[in-house]
Amino acid sequence: MCGVFGIYGVEEAANYTYFGLYALQHRGQESAGIVVYDGKKVKEWKGLGLVSEVFNEEILKNLSGYISIGHVRYSTTGSTILQNVQPFCVNFAKKTLAIAHNGNLVNAYQIRCELEEDGHIFQTTMDSEVIVHLIVKNLKKGLVNAIIETMKRIRGAYSILLLYEDTLVAFRDPWGFRPLSFGMFNGGYVIASETCAFDLIGVQYLRDIEPGEILIIDKEGPKSYKAFKKEKFNLSHCVFEFIYFARPDSYIFNKNVYLIRKNLGKNLYKECPLQADFVMPFPDSGNYAAIGYSQASGLPIEFAMIRNHYIGRTFIQPSEKIRNISVKMKLNPVKDILRGKEVIVIDDSLVRGTTSRNRLKSIKEAGAKKIHFLLSCPPLRFPCFFGIDFPSSAELIAHKHSVEEIRKFLDIDTLYYLSIEGLLSAVEELRDKVCLACFTGEYPIEVDFSFRKDIAEI
Ligand code: AMP
């Protein structure tokens, strides 16, 4: 879970990157950083916190230049320390290479051990640093070949931006796990995790960076290369990007997220056609599926839980006690709407179940007489190794518990999860191009299970 933004050939590149990162803030709130090149020098600024906390006018003034990359991070590997904030820069032979990475490698630990045995010294615990070492090690073969060699070695999810001398590079894993879009702006070029960052600035969308593609942008313009000529890969776009992660106004994998979420809600109604006084979402994650359910069923929609938009990052609060307080701070029920009513509550997903349990309890306390809780994705049973921060299986409530057990735990009348088929039909022609590992446990590529634990302990 991270967001990347890069821009080439535009004055005030860092300012645009700042805005781009603002639009991608939902993809990571732990840290933010920008690296910029002005033709002579590479400058960087990064810190822990939100984009608005890390940057100000004074700082941006000092980041002049025409090529820039930026990153917002929600850590999945490596802990939350300043050292691990991206973009990550290395200096070697009087040159600087900066990387911004979204995704997770599944064989980083193994490669890192090999490199360390060869004398490579690592500064961080991030899997992205492994990529930098591999590229630098192969640079004598030229930049494109160095990246191709690297892509042949690493496995997992990566949508990556590099800033190297006067060149901006984008490359994406051959499975296409995470999104990455390419656009044109003011005579220059922009690459971003999601198109919502394009809309903010007025970038014209051109196309997605293809799975397995390397795009080099320098003074000669953009040039595209294929890393894999013969090998075949099964496309595995992360379906959870559609369900929860991406912004609804974005187009990812060539599809609008809002419309897919509405499809999920319509399919929920097809599978579980209930009658009640009204449909309501848990905002904002359930909004669009609830609209879909309401439109398919003809039942009215109410926003019976009001969100405080200024709370921020409740999910990542470490202690259970604090998490519970912040859950109540975040969503407050409207008693006069709920009192005496039978309601269909819709949300996108259930992870640990604790947040939802508190929210459902407060709906009951507000006077709702019957609660049906519908989820617009199947039970999350397996951890993600490709960049979504799902906890270990033990923490996923659906890993060990049946739907009936979870219903009892949530203390509600009905619990229904969308089926895998309902999910697949919602993503339409992408149905055989998505990764479903968090639901099925069938990982599209072999995972080196030692890597997570070991690399976090270094
Ligand atoms: P819980 O009831 O504790 O499982 O939390 C469920 C809520 O967490 C739902 O509203 C989801 O939208 C939200 N959610 C799902 N995945 C994530 C994630 N990776 N990070 C933060 N929140 C999430």
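Predicted model only: the values in this text are computed from it and were never measured. (Residues numbered from 1 in each chain as written. Predicted model: local features only at pLDDT ≥ 70, side-chain atom pairs only at ≥ 80, totals over all residues. Heavy atoms only, no water.)

What follows deals with the site of the ligand. Taken together, 18 residues are adjacent to the ligand, and Asp347, Asp348, Val351, Thr355 and Ser356 come closest. Ser356 has a polar side-chain atom sitting 2.5 Å from an oxygen atom of the ligand. In the environment of the ligand, an oxygen atom lies 3.3 Å from a nitrogen or oxygen atom belonging to the side chain of Arg359. Contact with the protein chains hides 95% of the accessible area of the ligand, taken as 500 Å² for the molecule alone. (Near = heavy atom within 4 Å. Polar contact = N/O pair within 3.5 Å; in protein donor to acceptor, adjacent residues only side chain to side chain. Areas by Shrake-Rupley, 256 points an atom, 1.4 Å probe, with all protein chains shown as cover.)

Right, let's talk about the packing of aromatic side chains for a bit. Under the counting rule described, the total for this entry stands at 21 aromatic pairs. Measuring from centroid to centroid gives 4.8 Å for Phe228 and Phe233, while their planes differ by 65 degrees, and the two rings are edge-to-face. Of the residues examined, Phe228 reaches a relative accessible area of 12% and is grouped as buried. Relative to Phe245, the ring of Tyr244 lies with its centre 6.4 Å away and its plane at 10 degrees, an arrangement referred to as stacked. Judged by its relative accessible area of 4%, Phe245 falls in the buried class. Cation over ring: Arg357 sits above Phe409, and NZ or CZ is 4.4 Å from the ring centre. Above the face of the Phe282 ring, Arg359 is positioned so that its terminal group lies 5.2 Å from the ring centre. (Phe/Tyr/Trp six-rings, centres within 6.5 Å; stacked < 30°, edge-to-face > 60°. Buried < 20%, exposed > 50% of the residue type's maximum accessible area, 1.4 Å probe, protein only. Lys NZ or Arg CZ within 6 Å of the ring centre and 35° of its normal.)

Pairing is antiparallel in the open sheet, where seven strands are placed in the order β3-β2-β4-β1-β10-β9-β11. The sheet terminates laterally at β3 (42-48) and β11 (204-208), the two strands that pair on one side only. If you compare each strand with its neighbour and ignore which way they point, the axes differ by 15 degrees on average. Strands β1 (2-8), β2 (31-37), β4 (67-73) and β9 (181-185) of the sheet are contacted by helix α1 (residues 13-23), whose axis makes an angle of about 25 degrees with β4. (Pairing = 2+ DSSP bridges. Helix = DSSP H or I, 4+ residues; strand = E, 2+ residues; numbered from the N terminus. Axes fitted to C-alpha atoms, helices over the stretch in contact; angles between N-to-C directions. Contact = heavy atoms within 4.5 Å.)

Bringing the UniProt feature "binding site: Mg(2+)" (unreviewed entry) in the protein chain into the picture now. The positions that UniProt labels "binding site: Mg(2+)" (unreviewed entry) are, in the present scheme, Ser285, Asp347 and Asp348. What stands out for the annotated residues spanning 64 residues is how close their C-alpha atoms remain, the widest pair being 6.1 Å apart. Mapped onto the elements, Ser285 comes out in the loop between β17 (278-281) and α10 (287-297). Beyond its immediate stretch of four places on either side in the chain, Ser285 contacts Tyr244, Asp347 and Asp348. Among the structural elements, Asp348 can be located in the loop between β20 (342-347) and α13 (354-365). (UniProt positions renumbered as here; feature names shortened; annotations may be inferred.)

This part takes up the packing of helix α9 (residues 257-271) against α10. Contact geometry for α9 and α10: axes closest at 6 Å, N-to-C directions at 50 degrees. Judged on the interaxial angle alone, α10 and α9 are oblique. The two elements α9 and α10 cross, and the hand of that crossing is right-handed. The residues of α10 that touch α9, namely those facing Tyr258, Arg261, Lys262, Gly265, Lys266, Leu268 and Tyr269, are Tyr288, Ala289, Ile291, Gly292, Tyr293, Gln295, Ala296 and Ser297. Tallied by class, residues from the contact of α9 with α10 come to eight nonpolar, four polar and three charged. (Parallel < 35°, antiparallel > 145°, perpendicular 65-115°, else oblique. Left-handed = near helix turned anticlockwise from the far one by under 90°. Nonpolar A, V, L, I, M, F, W, Y, C, P; charged D, E, K, R; others polar.)

This next bit is on the side chain of Asn267. Tracing the sequence through the fold places Asn267 in helix α9. In this view, Asn267 contacts Leu418, Gly422, Ser425 and Ala426; residues no more than four positions away in its chain are not counted.

This part covers the packing of helix α5 (residues 127-138) against helix α6 (residues 143-153). Running from N to C, α5 and α6 point in directions that differ by 135 degrees, and their axes come no closer than 8 Å. In terms of axis orientation, α5 runs oblique to α6. Remark: the crossing between α5 and α6 carries right-handed chirality. Contacts between α5 and α6 involve Ile131, Leu134, Ile135 and Asn138 from the former and Ala146, Ile147, Glu149, Thr150 and Arg153 from the latter. Here the residues of the contact of α5 with α6 are counted per class, giving five nonpolar, two polar and two charged.

Further remarks concern the nonpolar core. Among the nonpolar cores identified, the biggest contains 54 residues, and Tyr293, Ile346 and Phe439 are the most heavily contacted of them. Ignoring any residue separated from it by four or fewer positions in sequence, one finds Ile346 in contact with Leu268, Val279, Met280, Pro281, Phe282, Gly286, Ala289, Ala290, Tyr293 and Leu374. (Core = buried A, V, L, I, M, F, W, Y, C linked by side-chain atoms within 4.5 Å.)

Bringing the sheet that holds strand β22 (residues 414-417) into the picture now. Note on sheets: strands pair through backbone hydrogen bonds, and any given pair is parallel or antiparallel. What the four strands build is an open sheet, ordered β17-β20-β21-β22; its pairing is parallel. Every other strand in the sheet has two partners, leaving β17 and β22 as the edge strands with one partner each. Taking each pair of neighbouring strands and ignoring which way they run, the sheet shows an average axis angle of 20 degrees. Across six bridges, β20 lies against strand β21 (residues 370-375) in parallel orientation. Pairing of Val343 across the sheet is with Ile371, part of β21. With respect to the sheet, α10 is in contact with β17, β20 and β21, its orientation differing from that of β17 by roughly 165 degrees.

The next subject is the pattern of salt bridges. A full pass over the atoms with the stated rule returns 23 salt bridges. We note a salt bridge from Glu44 to Lys46, for which the minimum N-O separation is 3.6 Å. Overall, Glu44 belongs to the partly exposed group, its relative accessible area being 37%. When the shortest N-O distance is used, the salt bridge between Lys364 and Asp411 registers 3.8 Å. In this pair, Lys364 sits in helix α13 while Asp411 sits in the loop between α15 (403-410) and β22, placing the two residues 47 residues apart along the sequence. Within the structure, one salt-bridge network assembled from shared partners comprises Arg27, Arg178, Glu194 and Glu241. (Salt bridge = Lys/Arg side-chain N within 4 Å of Asp/Glu carboxyl O.)

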